[in-house]
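# A look at the structure
In case you want the letters, here they are:
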Amino acid sequence: MGCATVSPVPACGARERGAVVLWLLLASSLFVCNSAILVDSAESHSTFTCEPIGLRMCQNLPYNITFMPNLLEHYDQQTAALAMEPFHPMVKLQCSPALRPFLCSLYAPVCAEYGRVALPCRALCTHSRRDCQKLMDMFGVSWPEEMDCNRFPDCDEPYPRAEDLLTNTNTTDHSTKAVQRDYGFWCPRELKVDPELGYSFLGVRDCSPPCPNMYFRREELTFARYFIGVVSIVCLSATLFTFLTFLIDVTRFRYPERPIIFYAVCYMMVSLVFFLGFLLEDGVACNAASPAQFKASTITQGSHNKACTLLFMTLYFFTMAGSVWWVVLTITWFLAAVPKWGSEAIEKKALLFHASAWGVPGVLTVALLAMNKIEGDNISGVCFVGLYDVHTLRWFLLAPLCMDVLLGVALLLAGIMALNRVRMEIPLEKENQDKLVKFMIRIGVFSILYLVPLLTVVGCYLYEQAYRSVWETTWVQERCREYHIPCPYQVEQASRPDLVLFLMKYLMVLVVGIPSVFWVGSKKTCFEWASFFHGRRRKDVVNESRQVLQEPDFAQCLLRDPNTPIVRKSRGTSTQGTSTHASSTHLAMLDDVRSVHSKMSSYHGSLHRSPDGRYTPTSHRGTEERPPYGSMPRLTEQLSRHSSLHQLDSQSQHGSARDLANPLPTNITHGSSMNHMEEQDGASA
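Residues numbered from 1 in each chain as written. Predicted model: local features only at pLDDT ≥ 70, side-chain atom pairs only at ≥ 80, totals over all residues. Heavy atoms only, no water.

## Things to note about the overall build of the protein chain
For the protein chain, the helix and strand inventory stands at 22 helices and 10 strands. Sorting the 685 residues of the protein chain into buried and exposed places 47% on the buried side. Taking the contacts inside the protein chain whose residues are at least 6 apart along the sequence as the reference set, 73% of them involve residues at least 24 apart. By element, 61% of the accessible surface of the protein chain is carried by carbon and sulfur atoms, the whole surface being about 34300 Å². (Helix = DSSP H or I, 4+ residues; strand = E, 2+ residues; numbered from the N terminus. Buried < 20%, exposed > 50% of the residue type's maximum accessible area, 1.4 Å probe, protein only. Contact = heavy atoms within 4.5 Å. Areas by Shrake-Rupley, 256 points an atom, 1.4 Å probe, with all protein chains shown as cover.)

## What about empty space enclosed by the protein?
Counted by the stated rule, this structure contains 10 cavities of 30 Å³ or more. Together, 18 residues line the largest cavity, and Thr319, Phe384, Val457, Tyr461 and Val509 are the ones closest to its centre. Of all the secondary structure elements, the ones that give two or more residues to the lining of the largest cavity are α8 (259-280), α9 (306-337), α12 (390-425), α13 (430-483) and α14 (499-511). Taken together, the residues that form the lining of the largest cavity break down as 15 nonpolar, 1 polar and 2 charged. (1 Å grid on protein atoms, 1.4 Å probe; cavity = no way out; pocket = protein on both sides within 12 Å on 5 of 7 lines; lining within 4 Å. Points joined across faces, edges and corners; volume = space filled by probe spheres on them. Nonpolar A, V, L, I, M, F, W, Y, C, P; charged D, E, K, R; others polar.)

## Digging into helix α5 (residues 99-107)
Burial within α5 is extensive, with 8 of its 9 residues counted as buried. The complete set of buried residues in α5 reads Leu99, Arg100, Phe102, Leu103, Cys104, Ser105, Leu106 and Tyr107. Among the structural elements, α3 (77-84), α4 (88-92) and α6 (122-139) are those in contact with the buried residues of α5.

## Some points on the packing of α9 against helix α11 (residues 350-371)
Following both chains from N to C, one finds α9 and α11 inclined at 150°, their axes separated by 8 Å at the closest point. The angle between the axes of α9 and α11 places the two elements in the roughly antiparallel class. Viewed along their axes, α9 and α11 form a crossing whose handedness is right-handed. Taken together, the residues of the contact of α9 with α11 break down into 19 nonpolar, 6 polar and no charged. (Axes fitted to C-alpha atoms, helices over the stretch in contact; angles between N-to-C directions. Parallel < 35°, antiparallel > 145°, perpendicular 65-115°, else oblique. Left-handed = near helix turned anticlockwise from the far one by under 90°.)

## Quick notes on the side chain of Asn213
On the secondary structure map, Asn213 appears in the loop between β4 (204-205) and α7 (218-248). A distance of 2.8 Å separates a polar atom in the side chain of Asn213 from the backbone nitrogen of Tyr215. Within polar-contact distance, the side chain of Asn213 engages the side chain of Asn378 at 3.1 Å. Excluding residues that lie within four positions of it along the chain, Asn213 makes contacts with Leu221, Asn378, Ile379 and Tyr388. (Polar contact = N/O pair within 3.5 Å; in protein donor to acceptor, adjacent residues only side chain to side chain.)

## Looking at the confidence of the model for the protein chain
In regions of low pLDDT, the predicted coordinates are not meant to be interpreted in detail. Residues at a pLDDT of 70 or more form 66% of the protein chain, whose mean pLDDT is 74. The weakest mean pLDDT in the protein chain belongs to helix α2 (residues 30-33) at 33; the strongest belongs to strand β8 (residues 383-384) at 96. Predicted confidence for residues 1-48 stays below pLDDT 50, and this span has 68 contacts to residues more than four positions away or in other chains. Below pLDDT 50 for its whole length, residues 167-179 participates in 20 contacts with residues either more than four positions away or in separate chains. (pLDDT = per-residue confidence, 0-100.)

Given below as structure tokens:
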């Protein structure tokens, strides 16, 4: 049989030379016996080609070339030599002739042709363990679990077999025939974690990405962290201002604009989580390193870290809820513009809106917790989803956000077109036209300020999931020799991500919440805050964005049939557009008349006639509580004005005149009696 001559020592006559070498090793010192390897190359292995055997224990065998990582997942020959050290005494004492070939078949297997892996026979394993068991017990060495004899094929042949040897007919060429193989990603020892944690990285279980980030340098991460912290403070301030403005006057923001408040609350929580991540740095997103166990700092995964789980639940839940609330906002605008629903009618569906906006994100959050898909983000310091798992990114981030964008844009465009049709086809008063145009501009600007950042975030996610595999392959190629793992096979494209991409993504995620300030920002808001700081509350005024819907011409235009003519009314129209000028005037006059009547009756009841014919206040009322004389003509004038209004209304509407005729004599009587009392008081004065 020909001998493969990759090293200076040929493999022929290995048995005779092996006996001499073993006796020499027995006489040598302990330091020489336990020397690990002889490395004839500066590299640990050459991109997964066959390499010469450097292990001293495996010299002078029928083969002298091997491959790394070996069958026991040792990344290089140095790691394999350290693992073989416990068996050195048994090999030196020659407890079994099958022990050394069996150990070398696992720690330095023969590099077979075309990448075929040759396993030792079960009989070789059984003989080695049986013959050396007593000596192993004497030295306190246990048989490793990965070397269990039942894991090997049931045969009784020497190792290596004839077909396993790689021969080279050209004896003058000392280079080996390269066997190119793609072994995929092997998890480095520094990144391995406990199996019960359930981690995975690049498809390998019990492995976790390194921390700090595998793509950026530490100074880049520091800059990114401060950048995210500043932006989160700005967003937190803006959304908190919106929420506090709502709390000052909760009746100001009604449907269809009430979802803006809940939308602001969601992104207030999102910015708060990012701010906490800025303060915590890597304390939550990363696991601590353990140099004693050769463990590097790794990314936190799963739900075993309670702080990381809490940050993930808050961030993901409110991120999804914020996008759903924007869809709800477009739905309410659509209902107000197209079917002509009023504020009260939309508010009746509030329970359904809340169930959808909080229920859907809750279901998604629970599903991710059950799937254990939480991942630490060592750039921002928070915990999120889809940072290293492309499938989770695709189905739990991209899919919901794209659906929200498509549905919201469709409803928004339908509502704006309906309002524009009202503005173009139906004549309105100049004031109502201006308010409608202003309202449409506010809707458009608010939607653009929301959609542009959200679409940018979606674009960043799409770009990230498209190039994630290229970035990971590039990282493995750059770090494979440092970690002593197989280098990638036939790398076609290599690139690293740009830090600007990630900064843009975090910026747009936070900026999405700032447009809520645009909606609440007005002079009315400034007056409310000024009144709040001075301890005063202003009278409730109809919000300008809803006032346009309450104008008589605009409300009729939304509710009318396009084929019917327009009848202009005064400003007595209600929000629903169902009341008329006569009915509103009637109700207002009745309220004023009744209030005047009650005031006059109360004052008349407080007076009594003295023996000299004068009216004086009763004994239980103080002199200071008596109404001044100046108020009496004003009350008489107000009563006479209502009397004239009643006469005008009775001429225009006969039915209403009969209803108003009954209280009129009473009011007139009180008015004459009050005039008489005023004259008597003036005479006595």
